[in-house]
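# Observations on the model geometry
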Amino acid sequence: MKGQAAPKKKTLSRRAPLSRLIPPLDAPRRFRRTTLDFRTLHLPRDVAVVLSDAFWHRAAASGLQTMFDHWSRLRFFGRFNKQTRAVRGLPDLKGDILVRYVGWLNAQSTAE
């Protein structure tokens, strides 16, 4: 039939939302028998995301044992925050928090 427009074909978008393609920075990741989950560190979400971003960018260039060593140190920091509630967000990450953390670490080693 002349003069009629052809019906439009229905197309499906083949693009998945970016949020489905890239997992959150603080999403759990498993190595060997160890799960590294920044959400379990008792830190505010904004702090966990920033630390996980730095961790994974650094860990990509490290060996597995070094990565586990860094993870162990982050778990200590999470335990410090669980006990003291010193870090409530990114603005709290200042020099005085580091001084308190070092003092807390010293107290942990003398208590053992």
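Please read these numbers as outputs of a predicted model, since none were measured by experiment. Every chain is numbered independently, its residues counted from 1 as its sequence is written. At least 70 in pLDDT is required for a residue's local features to be given in this predicted model, at least 80 for side-chain atom pairs to be given and counted, and no such filter applies to totals for whole chains, interfaces and linings, which use all residues. For the side-chain quantities, the full set of heavy atoms in the structure was used; hydrogens and water were omitted.

On to the overall build of the protein chain. Only DSSP runs of H or I covering at least 4 residues are called helices, and only runs of E covering at least 2 are called strands; the numbering of each starts at the N terminus. Regarding its fold elements, the protein chain presents four helices and two strands. Along the protein chain, helices and strands appear, N-terminal first, in the series α-β-β-α-α-α. Sorting the 112 residues of the protein chain into buried and exposed places 25% on the buried side. Contact criterion: two residues are considered in contact whenever any of their non-hydrogen atoms come within 4.5 Å of each other. In the protein chain, 51% of the contacts between residues at least 6 apart in sequence involve partners at least 24 apart. For the protein chain, the exposed area adds up to about 8900 Å²; of that, 55% sits on carbon and sulfur atoms. Summary of the burial criterion: residues with accessible area below 20% of their type's maximum are buried, those above 50% are exposed, and those between are partly exposed, where the area comes from a 1.4 Å probe applied to protein chains only. Computed with a 1.4 Å probe, the accessible areas rest on the Shrake-Rupley method; for each residue, only the protein chains presented here act as cover.

Another point: helix 3 (residues 64–84). Under the convention used throughout, the expected extent of a helix is 1.5 Å for every residue step, that is, one less than its residue count. The first and last C-alpha atoms of helix 3 sit 30 Å apart over 21 residues, in line with the 30 Å expected at 1.5 Å per residue. In the stretch just after helix 3, Arg85 is the one whose phi turns positive, near 55°.

Here we take up helix 2 (residues 45–59). Each α-helix turn comprises 3.6 residues. Residues three or four places apart therefore point the same way. In this model helix 2 runs 20 Å from its N-terminal to its C-terminal C-alpha over 15 residues, within 8% of the 21 Å that 1.5 Å per residue would give. Listed in full, the buried residues belonging to helix 2 are Val47, Ala48, Ser52, Phe55, Trp56 and Ala59. Axial view of helix 2: buried residues confined to an arc of 145°, hence all on one face. Helix 2 presents His57 and Arg58 as exposed residues on the side facing more than 90 degrees away from its buried surface. On the buried face of helix 2, the contacting elements are strand 1 (29–31), strand 2 (34–36) and helix 3. Comment: arc refers to directions from the helix axis out to C-beta atoms.

What follows concerns the packing of helix 2 against helix 3. Between helix 2 and helix 3, the least distance of the axes is 10 Å, while the angle of their chain directions is 165°. With respect to each other, helix 2 and helix 3 are oriented roughly antiparallel. For the crossing formed where helix 2 meets helix 3, the hand is right-handed. Each of Leu51, Phe55, Trp56 and Ala59 in helix 2 lies in contact with helix 3, whose residues at this interface are Met67, His70, Trp71 and Leu74. The classification used treats Ala, Val, Leu, Ile, Met, Phe, Trp, Tyr, Cys and Pro as nonpolar, Asp, Glu, Lys and Arg as charged, and all other residues, Gly among them, as polar. Class assignment of the residues belonging to the contact of helix 2 with helix 3 gives a composition of seven nonpolar, one polar and no charged. In this analysis, axes come from line fits to C-alpha atoms, helices being fitted only over the stretch in contact, and the angle between any two N-to-C directions falls in the range 0 to 180 degrees. Convention used here: angles under 35 degrees read as roughly parallel, angles over 145 as roughly antiparallel, angles from 65 to 115 as roughly perpendicular, and any remaining angle as oblique. In this scheme, a crossing is called left-handed if the near helix is turned counterclockwise away from the far one by less than a right angle; it is called right-handed if the turn is clockwise.

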